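What the coordinates show
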Amino acid sequence: MKVRTVKLREVHKASGSGCHPSFCSILWDHQAHHLVTASSADPTISVHDPLLSSGAPKIIRHHRDGVTALALSPNSTCLASGSVDHSVKLYKFPSGQFETNITRFTLPIRVLAFNKSGSMLAAAGDDEGIKLINTIDGSIARVLKGHRETVTGLAFDPNSEYLASIDSRGTVIYWELQSGTMLHTLEYKAPDTGSNLSTMNVLSWSPDGEILAVPGMENNVVMYDRDTAEKLFQLKGEHTKPVCFLSWSPNGKYMATSSLDRQVLIWDIDKKQDIDRQKFDDVICCMAWKPISNAMAVIDVTGKYGVWDSVVPSSMKSPTENIPNSQSKKSSGLLLFDEEELEPSVSGNLSDPGEDSPGEYEPPSRKRSRKPSVFEEDNDENIDNEWSSLPKNESRRKSHCINKENLDSGGRSLRSSMQESFQPGATPIQTGKRRFLCYNLLGSITTIEQDGYSHIEIDFHDTGRGPRVPSMTDYFGFTMASLNESGSVFANPCKGENGMSTLMYRPFRSWANNSEWSMRFEGEEVKAVALGTAWVAAVPSLNFLRIFTDGGLQRHILCLNGPVVTASGFKDELAVVTHVSDSVSSRDQMLEFKVFNISSGTQPFKGRLPLTPGSYLSWFGFTEEGQLSSYDSKGVLRIFTGQYGGTWLPVFSGSRDNSDENYWVVGLNAQKLFCIVCRKPELFPQVMPKPVLSLLDLSVPLASSDLGKETLENEFLLNNLRLSQIQGKIKEMAGAGLDTTSLVDEAFDTEVAQDRCVLKLIGCCCTGDKLARATELAKLLSLESHVEGAIKLATRLRLPKLAEEFNNILEERLINKSKGSLSAPVPNPNGNVNSSADNAVSKTTFTERRKTTEPPTPSVSPKLSAPLFLRKGTKPIKENGSQNRSGEGESIKEIEKKAGDTSYVELNKVSNPFLKSSSNEENAKKVGEVNQVKAQRPSNPFLKSSIK
C-alpha cells in the first residue's frame, strides 16, 4: 500500500508552557466553501477559505475560554459553539456575526449537534442532562437525563426518530425524540476515556440512518441496528490502540477512523476492510469528509490541520456518488421534501402538543435505500437479504401508520408550527437553576429541583397584601402555577406511562382544616391553569375546560374548540386561548379567545386573537382594571375593548421602543406597562439576582404625523380607550343596580383630562395651520366651558373664521340642550355618537361635578398648559360697571399672563365679538356659581343676540 503524506499547518496553539494536547474540532459547510476549526485551548473560532490556503482565516472571538464543540446547521446558515466557559453561542454563517447566547450550563460543554431540520440543537457536557434547545425561540424543549458521566458524543439520526448519546465511560443510550424516553442503554460498549479531554468517545449514524457506529473495546468500530440496538458487525484491522474518532463518507460506503496510535484508516463498509491509511505525528482528534469531492479535512490534538485529497482510490466508487436521498437535498432550516420519494415521518414533534416551544418542525423521513422495513410499499430489488430480514419494533409500525395520515396528496406534511401551550409569567426549565412557575403583579412562585424533588417558594411583592407562605417540598414535579390573593394552584405533566398529571390547590386562608386539595387526571395532561374569585380552572390535553370551586367541587366541564395555548383569570372572568386551526402557509398562528363569567355562567366575549405576522403569543392576562390583554413575540401589546362591537387595540410596541432590549411582560394598568427588561438575546429573567420591575408608558404605534405632536396624540387615544372602558362599566353596573358613584367621578376626571389634551392639540393645529383638524377636535370637547376656551383661543390668535366655527359648534350644542332633546346625536369623547342611554349617563351623572368647575383659558403658545379648574370659594366677579374690559389690541403675552385669573376669563367674554352677550347677565355671583347662573338666565349669553 502506497504511503502518502498529508501536510498539516498550525492554526490553534496549545496553551501553557507544557503544550498539553487539547481537543480540536473541524467541519465543512455544506458546499465546501469554508472550513471551520476550533480548539479547547483557544477561545477563538477560525473560518478558513480552502481556496486561499496561505490567507489568514476569519477569527470569531466571543468565548472567554477554550472552544470545545462546534456544529453547523444543515443549510450552513447557523454556527453553534460550546466552550469551557459554560455557554453555547449561535452565529450567522459564514459572516460570523454573533446572534445569541442560546443557553448556559454550570460546567463545560463537550458536544453539540443539530437535528436534520436545523430547528433543534442538542447540547451536553460535564453537566447532568442533555439539553434539547429550540433554535427558533431559544427555549429548552427537553432535558434528557440518564448518563452518570460526561456526555462526549451526540448524534440525531437522519430520520428524526432517535438521538444517540455516549459518555466518557463508554455507555451508549438511544433516546426516542417523541417521548424523550430511553429506548436502549448499552453500558461499557466503548473505551473509558477517563480524564483525558484531548480525545473523546464519539458515535455517528450512517447517512441513511440504518446503522449506529460506536468505537469498540478491542480497537475496533462496532455497528448497531437503529431499532433493536443489536450488534450487526464490526470493523477491525490495523489499529493498535482505541479508536478516538470516526466519520462516515457522504454516501455511507466508506468510513474514516482515527486512533490513539496516530493512524487514520479508510474503510470499505461493504467489504469490512481498510483500503488506505495515513500515519501522523500526533493523534487526529477530529475529521470531516468534504461534501462535494474525494477529500477529507483532519485536525490533531496540537491544533494543526490539513486536507487529505484523494482519500478513496480513484479506481473505487467516489465517496460523494449516490448519496442517500435524505442527504442529497440540503435543508432550508425548515421542512425537507423529496418530490420523487417520500416516506412519512416516524417522529412527529418532540412531545405532544402543548408542551414544547413554538416553531418546531420535524422532517418527513425518506425512502430507505439500504434496509427498508416490511411495512414499506416500495421494495428495492438491490437490497441485500441480510438487511431486509432484520426485525422492526412495534412502536415504529404504529407511528409509521399514524404519520401517513399527516401527508397531503402531494406528499407534504400537514403538521405545522402550531404554538405549544404555556403558562403566563413562567420561565423555561433550566437545569440546576431556580425558575419562575408564576410571576405577576401580586408576587412570584419559584422552584428548583434538588435530588429528585423540587423546592417551591411563594413570595409577595408587598408583604402587606398576602400572608407569609411557608416553602413547600414538591414531589410531583410541578411545571406550572397561578397565584392570587386567595391561594395558589399547581399542575404537572404526565411522567412516564404510569405517572398521572396532578392539579393541586393551596388556599392561603381558610376557616376549615385540611382545605388543600388535589385532583389527578388519567389519560389527559394539564396544559394550563388559572385562578379567580372562588374558582380554579385547569385545561387538560383532551380540550376540556375543567372548573372547580376553591373548596374542590368539580363545578363545570366544558369543551373547547381546539388545543389550548394559555389561560388567565381575573375575579369572576376566565379567559382561554385555543388554536382555531393549523398555522397557515405563512406560519401565522390562528388563535381564538373566549371569556367566561364563572359566577353568571355566561360567555361575554369571544373571537379571533390578533398577532403580528410571523409571531406567537408570549403573554396573556388582564390589566389591573380587568381589561383583557395580550403580548406577542414581536413586542406588540394589545388591549381588548368594547368599541366597534369588540376589538383589540395596540397600545405598545416594544420593537419600536428599543431594539437592544426584550420586554418580559408581568402586567399593566391604564397608563403603565409593568415588565422586566432583558438585554438581547435573553428572552426571560433569572430568579437570582432578583429581577427589577420596570414601568413603561403605554405608547400607541402611531403613524408619523405632520403635526409633530405624537405624545399628545398618544395621550388622546389612550384617554379615549380609558373613557370607553369606564363608560362600559358604568352601563354594566347600572344595569345590575350597583352603585356607580366612584366610576362616575373617574369618568368625569378622565373627561377633563381628555379635554385638556384636546385643547392642547387645538392650539398646535392653530399654530400649524391645520384649521379643519382643529374644528374636528373642538367637536370632541366634552364640557361647554372648554368649547368657550377654544373660542377665546382662536380669537386671541386672530383666527376669526375658526372662532366662528367653534361658536357654531357651541350654539348647536346649547340649542340641543335647551330643547331637552336627549335623542339628538351628541358626540362623545370617543368621537362616536352616544345613544340616549349614553347621553343620560354622560349628561345627568356628570352634571354635579361640572357645577364646581370653571371654564379654562388655555395658553396660546404651541405648548399649551393644562386649563385651570377652580372650585367654589374663589374671588367673586366684579359688577358690570367695574369690569376691566380688554380690547382686541391687547398683546398675547398679557393675555397669557392673565390666563390663570378666572375672573379675567369671565370678564373678557364680553369683549369677544363672537360671543355677543345681552346686558342683563348677573355679575355678582361667585365664580363657582357661574354655571348655575347660566342655567337660570332667560337668554343664553353665548347665542347671537338680536340687539345690534
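Criteria and cut-off values
- Residues numbered from 1 in each chain as written.
- Predicted model: local features only at pLDDT ≥ 70, side-chain atom pairs only at ≥ 80, totals over all residues.
- Heavy atoms only, no water.
- Helix = DSSP H or I, 4+ residues; strand = E, 2+ residues; numbered from the N terminus.
- Expected span 1.5 Å × (residues − 1).
- Buried < 20%, exposed > 50% of the residue type's maximum accessible area, 1.4 Å probe, protein only.
- Contact = heavy atoms within 4.5 Å.
- Pairing = 2+ DSSP bridges.
- Salt bridge = Lys/Arg side-chain N within 4 Å of Asp/Glu carboxyl O.
- Phe/Tyr/Trp six-rings, centres within 6.5 Å; stacked < 30°, edge-to-face > 60°.
- Axes fitted to C-alpha atoms, helices over the stretch in contact; angles between N-to-C directions.
- Parallel < 35°, antiparallel > 145°, perpendicular 65-115°, else oblique.
- Left-handed = near helix turned anticlockwise from the far one by under 90°.
- Nonpolar A, V, L, I, M, F, W, Y, C, P; charged D, E, K, R; others polar.
- Core = buried A, V, L, I, M, F, W, Y, C linked by side-chain atoms within 4.5 Å.

**As for helix α9 (residues 800-818)**
For α9, spanning 19 residues, the distance from its first C-alpha to its last is 26 Å, which sits close to the expected 27 Å at 1.5 Å a residue. Regarding α9, the residues found buried are Leu802, Ala803, Phe806, Asn807, Ile809, Leu810, Glu811, Arg813 and Leu814. Residues of α9 that are buried in the fold lie against α6 (741-767), α7 (771-778) and α8 (784-796).

**Looking at unusual backbone geometry**
In this structure, the amide linkage connecting phenylalanine 93 to the following residue, proline 94, adopts the cis form with an omega of 10°. Inspection of the secondary structure puts proline 94 in the loop between β8 (87-92) and β9 (98-104). Geometrically, the link from methionine 688 to proline 689 is a cis peptide bond, its omega value of 0° lying close to zero. One can find proline 689 in the loop between β50 (672-679) and β51 (694-697). One non-glycine residue, serine 160, lies in positive phi territory at about 60°. Considering the arrangement of structural elements, one finds serine 160 in the loop between β14 (151-156) and β15 (162-167).

**A few points about the pairing of strand β23 (residues 254-259)**
Taking burial as the measure, the six residues of β23 include six buried ones, the bulk of the element. What you see with β23 is no split at all: Tyr254, Ala256 and Ser258 on one side and Met255, Thr257 and Ser259 on the other are buried throughout. Judged from the five bridges that link them, strand β22 (residues 243-248) and β23 form a sheet pairing that is antiparallel. Bridged to tryptophan 248 within β23 is methionine 255. Taking the residues that link successive antiparallel strands as the turn, the β22-β23 hairpin has five residues, and the phi of glycine 252 there is positive, at about 80°. Sheet topology note: the β23/strand β24 (residues 263-268) ladder contains five bridges and is antiparallel. Residue alanine 256 lies in a different strand from β24, and its bridge partner there is isoleucine 266. Hairpin connection between β23 and β24: a loop of three residues separates the two successive antiparallel strands, and arginine 262 in this loop has a positive phi of roughly 70°.

**With respect to the pattern of salt bridges**
Taken as a whole and judged by the stated rule, the model has 22 salt bridges. Arginine 226 is the partner of aspartate 157 in a salt bridge, and the nearest nitrogen-oxygen pair spans 2.9 Å. One end of the pair, aspartate 157, is in the loop between β14 and β15; the other, arginine 226, is in the loop between β20 (221-225) and β21 (231-235), and 69 residues separate them in sequence. With a shortest N-O distance of 3.5 Å, lysine 817 and glutamate 784 are connected by a salt bridge. Of the two residues, lysine 817 sits in helix α9 while glutamate 784 sits in helix α8, which places them 33 residues apart along the sequence. Using a relative accessible area of 54% as the deciding quantity, one classes lysine 817 as exposed.

**A look at the packing of aromatic side chains**
Under the defined criterion, the tally for this structure stands at 19 aromatic pairs. Centroid distance tyrosine 505 to tryptophan 517: 5.8 Å. Interplanar angle 40°. Geometry classified as tilted. One end of the pair, tyrosine 505, is in strand β35 (residues 501-507); the other, tryptophan 517, is in strand β36 (residues 517-521), and 12 residues separate them in sequence. Neither tyrosine 505 nor tryptophan 517 differs from the other in exposure class; each is buried. With a centroid separation of 5.5 Å and an interplanar angle of 45°, the aromatic rings of tryptophan 517 and phenylalanine 548 are classed as tilted.

**Looking at the packing of helix α5 (residues 710-735) against α6**
Their axes nearest at 9 Å, the elements α5 and α6 cross at an angle of 155°. As summarised for this structure, α5 and α6 are arranged roughly antiparallel, according to the angle between their axes. Every pair of crossing elements has a handedness; the one defined by α5 and α6 is left-handed. Split into classes, the residues belonging to the contact of α5 with α6 amount to 14 nonpolar, five polar and seven charged.

**Regarding the environment of lysine 7**
Positionally, lysine 7 belongs in the segment before β1 (9-10). A relative accessible area of 76% places lysine 7 in the exposed class. For the pair lysine 7 and valine 307, spaced 300 residues apart in sequence, the C-alpha to C-alpha distance is 7.8 Å. In contact with lysine 7, other than residues within four places in its own chain, are Tyr305 and Gly306.

**Some thoughts on the sheet that holds strand β37 (residues 526-532)**
What the four strands build is an open sheet, ordered β37-β38-β39-β40; its pairing is antiparallel. The sheet is open, and its two edges are formed by β37 and β40 (554-559), each paired on a single side. Pairs of neighbouring strands in the sheet enclose a mean axial angle of 15°, with direction left out of account. Both strand β38 (residues 535-540) and strand β39 (residues 544-549) contribute to a ladder of four bridges, which runs antiparallel.

**Description of the sheet that holds strand β46 (residues 628-632)**
Read from one edge of the open sheet, four strands run β45-β46-β47-β48, paired in antiparallel fashion. Looking at strand neighbours, the two that pair on one side only are β45 (617-622) and β48 (647-653), the edges of this open sheet. Going across the sheet, the axis of each strand differs from the next one's by a mean of 25°, ignoring polarity. In terms of strand pairing, strand β47 (residues 636-641) meets β48 through six bridges, oriented antiparallel. Note on β48: the bridge partner recorded for arginine 638 is proline 650.

**Observations concerning the pairing of β14**
With six of its six residues buried, β14 lies for the most part within the structure. Where β14 and β15 come together, five bridges link them in antiparallel fashion. Bridge pairing links phenylalanine 156 to leucine 163 in β15. In this antiparallel pair of consecutive strands, β14 and β15, the connection spans five residues, and serine 160 shows a positive phi of 60°.

**Side note on the nonpolar core**
Met223, Met255, Ile266 and Met296 are the most contacted members of the largest nonpolar core, which has 46 residues in total. Sort the elements by how many residues they give to this core and strand β26 (residues 284-289) lands first, with six residues. For isoleucine 266, the residues in contact, after removing those within four places along its chain, are Met255, Ala256, Gln273, Asp274, Ile275, Asp276, Trp289, Met296, Trp308 and Val311. By size, the runner-up hydrophobic cluster in this structure holds 28 residues, among which are Cys757, Cys765, Ala790 and Leu814.

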